[in-house]
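Fold and contact review
Here is what each chain is made of, one letter per residue.
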Amino acid sequence: MFAVLKTGGKQYKVASGDVLRVEKLNAEAGEQIQFNDVLMVGDTVGTPTVDGAGVQATVIDQIKGPKTINFVKRRRKHSSARKKGHRQQLTLVRIGDILTKGADKSGVKAAVSGKGMAVSAAAVAVATKAAPKKAAKKAEAPKAEAPKAEKPKAAPKAKAAPKAKKAEGGDDLTQISGVGPVIVKKLHALDVTTFAQIAAWTPEDVAAMDEKLNFKGRIDRDDWLAQAAKLAKG
């Protein structure tokens, strides 16, 4: 007999004794689990799942899939390249009994992928079938209105500190790759008008500007400081 089960967003056709590699499950090696999302058992097709069916399995090991490399490079941008590796976490299981009915009463822990908590099949069945009871509303006695407290007067606002004067002899900041007219307006509003100012930024200044300009990492990604230092020298 074969069955078609669903786990981790994928469907698998299995038979007893098969070794299956699925998305990571919350179970330890040697533990017995049960897949309750069974779409088909033999000639019985579910709507969408087969009621009472289940596929039991034993966890062999928690493994990782093959490493994949993701490489991104932006054209005509200085030092704009990103390389990232990834290995998918997987669980290796051996298929055991295929139940056509009574899986909700087997007592075997249900297989749950991702970060969800694993629960028994019986608990899942009880939770889904139990109808919530409406609690009777208790008559509440009218509450006595408390006297309204007077709102404290707002303290006078402190005068804002005077803004620093803009640097004289502003430069054409659009010569920096990655800086357009919109960003130039934002920089001018922050009193940044020259290449020398940008070239002198510290790591703390870069982090602060990232927050103020609302594009994290772009200053380092486009290497504004090196460009500004070169342009400042002429």
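What comes next is a walk through the structure. What you are looking at is a predicted structure, and each value in this text was computed from that prediction instead of being measured.

1. Here we look at the layout of surface pockets
When its volume is computed, the second largest pocket comes out at roughly 170 Å³. Residue lining of the second largest pocket: twelve residues in total, with Lys6, Thr7, Asn36, Asp37 and Ala111 positioned closest to the centre. Within the residue set of the lining of the second largest pocket, elements represented by two or more residues are β1 (2-7) and β4 (32-35). Taken together, the residues that form the lining of the second largest pocket break down as four nonpolar, six polar and two charged.

2. Regarding the pairing of strand β2 (residues 10-15)
Across six bridges, β1 lies against β2 in antiparallel orientation. Paired with leucine 5 across the two strands is tyrosine 12, which belongs to β2. Two successive antiparallel strands, β1 and β2, enclose a turn made up of two residues, where glycine 8 displays a positive phi of approximately 60 degrees.

3. Quick notes on the pattern of salt bridges
Counted according to the given criterion, the structure contains two salt bridges. A salt bridge links lysine 10 to glutamate 23; the nearest nitrogen and oxygen atoms lie 2.7 Å apart. You can see lysine 10 sitting in strand β2 and its partner glutamate 23 sitting in strand β3 (residues 19-23), a full 13 residues away along the chain. Linking lysine 109 and glutamate 31 is a salt bridge whose minimum nitrogen-to-oxygen distance equals 2.2 Å. Here the residue lysine 109 occupies a position in the loop between β10 (89-99) and α1 (121-129), and glutamate 31 occupies one in the loop between β3 and β4, the gap between them amounting to 78 residues. Residue class for glutamate 31 comes out partly exposed when judged on its relative accessible area of 25%.

4. Regarding unusual backbone geometry
Comment: phi is negative for the bulk of residues other than glycine, and the bulk of peptide bonds are trans. Residue proline 48 follows threonine 47 across a cis peptide bond; omega there is -5 degrees. Among the structural elements, proline 48 can be located in the loop between β6 (44-45) and β7 (54-64). One non-glycine residue, aspartate 191, adopts positive backbone phi at about 65 degrees. One can find aspartate 191 in the loop between α2 (181-189) and α3 (195-199). Look at aspartate 191 and you get buried, because its relative accessible area is 17%. Residue aspartate 223 is not a glycine yet carries a positive backbone phi of 55 degrees. Relative to the helices and strands, aspartate 223 resides in the loop between α5 (218-221) and α6 (224-233).

5. A few points about a positive patch on the surface
On the surface, Lys64, Lys67, Lys83 and Arg87 cluster together to form a positively charged patch. For lysine 67, the location among the structural elements is in the loop between β7 and β8 (68-73).

6. Overview of α6
Where α6 is concerned, the buried positions are Trp224, Gln227 and Ala228. When α6 is viewed along its axis, its buried side chains cluster within an angular range of 95 degrees and face the same direction. α6 presents Lys230 and Lys233 as exposed residues on the side facing more than 90 degrees away from its buried surface. In this structure, the buried residues of α6 make contact with α2, α3, α4 (203-213) and α5. Downstream of α6 by a residue or two, glycine 234 has a phi angle that is positive, lying close to 85 degrees.

7. Some thoughts on the sheet that holds strand β5 (residues 38-41)
Read from one edge to the other, the open sheet built from four strands follows the order β2-β1-β5-β6, with strand pairing classed as antiparallel. Both edges of this open sheet fall to β2 and β6, since each of them pairs with a single strand only. Bridge count between β1 and β5: three bridges; the pairing is antiparallel. Across the sheet, valine 4 pairs through a bridge with methionine 40, a residue of β5.

8. Digging into the sheet that holds β7
In spatial order, the strands read β3-β10-β7-β4; together these four strands make up an open sheet with antiparallel pairing. The open sheet has two edge strands, β3 and β4, and neither has a second partner. Adjacent strand axes in the sheet meet at a mean angle of 45 degrees when their direction is disregarded. Inspection of the sheet shows β3 paired to β10 by five bridges, in the antiparallel sense.

Reading the values: the criteria
Residues numbered from 1 in each chain as written. Predicted model: local features only at pLDDT ≥ 70, side-chain atom pairs only at ≥ 80, totals over all residues. Heavy atoms only, no water. 1 Å grid on protein atoms, 1.4 Å probe; cavity = no way out; pocket = protein on both sides within 12 Å on 5 of 7 lines; lining within 4 Å. Points joined across faces, edges and corners; volume = space filled by probe spheres on them. Helix = DSSP H or I, 4+ residues; strand = E, 2+ residues; numbered from the N terminus. Nonpolar A, V, L, I, M, F, W, Y, C, P; charged D, E, K, R; others polar. Pairing = 2+ DSSP bridges. Salt bridge = Lys/Arg side-chain N within 4 Å of Asp/Glu carboxyl O. Buried < 20%, exposed > 50% of the residue type's maximum accessible area, 1.4 Å probe, protein only. Patch = residues over 30% accessible without salt bridge, like charges linked within 9 Å, V, L, I, M, F, W, Y side chains within 5 Å. Areas by Shrake-Rupley, 256 points an atom, 1.4 Å probe, with all protein chains shown as cover. Lys, Arg positive; Asp, Glu negative; His and termini not counted. Charge placed at Lys NZ, Arg CZ, Asp CG, Glu CD. Arc of directions from axis to C-beta. Contact = heavy atoms within 4.5 Å. Axes fitted to C-alpha atoms, helices over the stretch in contact; angles between N-to-C directions.

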